[in-house]
Amino acid sequence: MKAFYVFSDKQLKALIEAMPRNKADLYLVKGFGETKVGKYGENIIQIIEKYDRIK
């Protein structure tokens, strides 16, 4: 599934700005509630952690 089917550009930009480290941080990002955090939260956090290791 392509990212733009799940997240709007605004949500993706908010993720980049916030760089959440856990689900609690992810809930603070505008547009992320129970459904998106529950369905995609762990994957998002893993991607951010992986990015931090390679940058």
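Conventions used here
- Along each chain, residues carry numbers from 1 onward, in the same order as the chain's sequence is written.
- It should be noted that, the model being predicted, local features are given only for residues of pLDDT at least 70 and side-chain atom pairs only at 80 or more, the latter also being counted only at that level, while totals for whole chains, interfaces and linings use all residues.
- The basis for every side-chain value is the complete set of non-hydrogen atoms in the structure, without hydrogens or water.
- Put simply, DSSP H or I for four residues or longer makes a helix, DSSP E for two residues or longer makes a strand, and each gets a number counted from the N terminus.
- Three exposure classes are used, based on accessible area relative to the maximum for each residue type with a 1.4 Å probe and protein chains only: buried under 20%, partly exposed in between, and exposed over 50%.
- Within 3.5 Å is the distance limit for a polar contact, defined as a pair of N or O atoms, with the added protein rule that one can donate a hydrogen and the other accept it, and that residues adjacent in sequence qualify only through two side-chain atoms.
- Contacts are assigned to residue pairs that have any heavy atoms within 4.5 Å of one another.
- You can read pLDDT as the predictor saying how much it trusts each residue, on a scale of 0 to 100.
- Each Phe, Tyr or Trp ring, with Trp reduced to its six-membered ring, pairs with another whose centre is within 6.5 Å; inter-plane angles below 30 degrees give stacked pairs, above 60 give edge-to-face pairs, and intermediate values give tilted ones.
- A helix's residues, less one, multiplied by 1.5 Å, set its expected span.
- To obtain the bend at a residue, axes are fitted to the seven residues ending there and to the seven starting there, and the angle between these axes is taken.
- Definition used for salt bridges: Asp or Glu carboxyl oxygen within 4 Å of a side-chain nitrogen of Lys or Arg.

(A) Quick peek at the side chain of Gln11. Residue position: Gln11 is located in helix α2 (residues 9-18). With a relative accessible area of 11%, Gln11 lands in the buried category. A polar atom in the side chain of Gln11 sits 2.9 Å from the backbone nitrogen of Ser8. Not counting chain neighbours up to four residues away, the residues in contact with Gln11 comprise Val6, Lys30, Gly31, Phe32 and Lys36.

(B) Region of the structure containing the confidence of the model for the protein. With 93% of its residues at a pLDDT of 70 or more, the protein has an overall mean of 91. The secondary structure element of the protein with the lowest average pLDDT is helix α1 (residues 3-6), at 69, and the one with the highest is helix α3 (residues 23-27), at 97.

(C) Quick peek at the packing of aromatic side chains. For the coordinates displayed, the defined rule picks out two aromatic pairs. The structure contains a cluster of three or more aromatic residues connected by ring pairs, namely Phe7, Phe32 and Tyr40.

(D) Spotlight on helix α4 (residues 34-54). Taking 1.5 Å of rise per residue, 21 residues should cover 30 Å, and α4 covers 29 Å from first to last C-alpha, within 8% of that figure. If you look at α4, its biggest bend is around 60 degrees, right at Tyr40. Looking at α4, one finds that the buried residues are Lys36, Val37, Gly41, Ile44, Ile45 and Ile48.

(E) Spotlight on the pattern of salt bridges. In total, this model carries two salt bridges according to the counting rule given. Linking Glu42 and Lys23 is a salt bridge whose minimum nitrogen-to-oxygen distance equals 3.8 Å. In this pair, Glu42 sits in helix α4 while Lys23 sits in helix α3, placing the two residues 19 residues apart along the sequence. Take Glu42: its relative accessible area is 43%, and that puts it in the partly exposed class.

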